[in-house]
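A look at the structure
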Amino acid sequence: MEFYYEMALNLCILIPAIIGLVRFTKISKGYYPFVYCIWIGLVNEIVSCSLALNGHYNIVNGNIYMLLESLLLLWQFKNWGLFKSRPVLIPMMTATLIIGWVLETLIFFKITAHYSSNFQIGYSFLISLMSISILNKLIVTERKNLLKNATFILCIAFVMYYTFSVLSESFWIYGIGENPDIALKMQTISTVTNFISILLYSVAILWMPSKQKFILPSS
């Protein structure tokens, strides 16, 4: 029963996916990478649930999704102007993520048998740091209501979700998560954290600014 409950909560990503689809032609293109990430996340959840229901593991699609997610979110932070003063960091970080994923998933281990925990810890930590940086900037510069700021809401969700992801995966690597009681609590917290993040994503998409309308100058 707990499996189906967790699966149902994870599939709630359908909510922001639908909202993003409805609003896609209206929202600013600067938020497109995140919307793409949500859609890919929905596909990954559907595939994972289908595999689990048929008694198979979701290691392969999970590993592929992690790489796509990390690259799309890096693109999103680029759109938010995080690397405006140091654009050289973008290709460097992109290359680092791809090389790190290839090394762990294809060279040191098999993509069909190993869940890339080290890669997940690395890129989750990176996203948390970038989110904190954006939050600090918004708190200082933004004069409007931050609770209606899509970027602010998304970064809050990122900090919450990816910080716990770092802790959770670290527990498993060092064997702490093998304790049944700890494992159950971690799984519960993970499911709840994921659900709260999905709700915040939905709200953020609703608050995403519309595309700017340009008026041609009169002759």
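Notes on the structure in this doc start here. (Residues numbered from 1 in each chain as written. Predicted model: local features only at pLDDT ≥ 70, side-chain atom pairs only at ≥ 80, totals over all residues. Heavy atoms only, no water.)

**Description of the overall build of the protein**
Stated formally: Secondary structure counts use DSSP, requiring at least four H or I residues in a row for a helix and at least two E residues in a row for a strand, with both numbered from the N terminus. Just to be clear, the radius of gyration here is over C-alpha atoms, and the globule rule we use is 2.2 Å times residues to the power 0.38. By definition, residues are in contact when any of their heavy atoms lie within 4.5 Å.
A count of helices and strands for the protein gives eight helices and zero strands. Seen in sequence order, the protein has helices and strands lined up from the N terminus as α-α-α-α-α-α-α-α. The globule rule puts the C-alpha radius of gyration for 219 residues at 17 Å, and the 18 Å found for the protein is close to it. Taking the principal axes of the C-alpha coordinates as reference, the protein spans close to 70 × 40 × 30 Å. For the protein, long-range pairs separated by at least 24 residues make up 74% of all intrachain contacts whose partners lie at least 6 apart in sequence.

**Topic: helix α2 (residues 14-23)**
Note the cut-off: Burial classes follow relative accessibility: with a 1.4 Å probe on protein chains only, a residue under 20% of its type's maximum area counts as buried, one over 50% as exposed, and anything between as partly exposed. Relevant arc is that of directions from the helix axis to the C-beta atoms, nothing else.
When α2 is considered as a whole, its buried residues turn out to be Pro 16, Ala 17, Ile 19, Gly 20 and Arg 23. Down the axis of α2, the buried side of the element spans an arc of 165°, and every buried residue falls inside it. Turned more than 90 degrees from where α2 packs its buried face, Leu 21 and Val 22 sit exposed. Against α3 (32-53) and α8 (180-207) lie the buried residues of α2.

**Focus: the packing of α2 against α3**
Definition in use: Lines fitted to the C-alpha atoms define the axes, with helices restricted to the stretch that makes contact. Angles between their N-to-C directions range from 0 to 180 degrees. By the definition adopted for this analysis, an angle is roughly parallel if under 35 degrees, roughly antiparallel if over 145, roughly perpendicular if from 65 to 115, and oblique otherwise. Throughout, a crossing is termed right-handed when the near helix is turned clockwise from the far one, and left-handed when it is turned anticlockwise from it by less than a right angle. Polar here means any residue other than Ala, Val, Leu, Ile, Met, Phe, Trp, Tyr, Cys and Pro, which are nonpolar, and Asp, Glu, Lys and Arg, which are charged; Gly is therefore polar.
At a minimum axis distance of 9 Å, the contact between α2 and α3 shows a crossing angle of 135°. When the axis of α2 is compared with that of α3, the two are oblique. Regarding α2 and α3, the two cross each other, and that crossing is left-handed. Listed contacts from α3 to Leu 14, Pro 16, Ala 17, Gly 20 and Leu 21 of α2 are Val 35, Ile 38, Trp 39 and Leu 42. Among the residues forming the contact of α2 with α3, the class breakdown is eight nonpolar, one polar and no charged.

**Observations concerning the environment of Trp 101**
Here is the rule we go by: In protein, a polar contact means a hydrogen-donor-capable atom and an acceptor-capable atom, both N or O and within 3.5 Å, with residues adjacent in sequence counting only if both atoms are side-chain atoms; elsewhere, any N or O pair within 3.5 Å suffices.
Considering the arrangement of structural elements, one finds Trp 101 in helix α5 (residues 89-108). Overall, Trp 101 belongs to the buried group, its relative accessible area being 9%. Taking the C-alpha atoms as reference points, Trp 101 and Leu 51, separated by 50 residues in sequence, lie 23 Å from one another. Once residues within four sequence positions are removed from consideration, Trp 101 is found in contact with Asn 63, Ile 64, Leu 67, Leu 106, Ile 111 and Phe 119. Of note is the side chain of Trp 101, whose polar atom sits 2.8 Å from the backbone oxygen of Asn 63.

**With respect to the packing of aromatic side chains**
Keep this limit in mind: Between the rings of Phe, Tyr and Trp (Trp by its six-membered ring), a pair exists once the centres lie within 6.5 Å; its type follows the angle of the planes, with under 30 degrees stacked, over 60 edge-to-face, and the other angles tilted.
Using the criterion set out here, one finds 16 aromatic pairs in the structure. Where Phe 77 meets Trp 80, the ring centres are 5.2 Å apart and the plane angle is 90°; that geometry is what we call edge-to-face. With relative accessibility at 0%, the residue Phe 77 sits in the buried group.

**Looking at the packing of helix α6 (residues 117-141) against helix α7 (residues 150-173)**
Between α6 and α7, the least distance of the axes is 8 Å, while the angle of their chain directions is 150°. Between α6 and α7, the angle is such that the two are roughly antiparallel. As for how α6 packs across α7, the hand of that crossing is left-handed.

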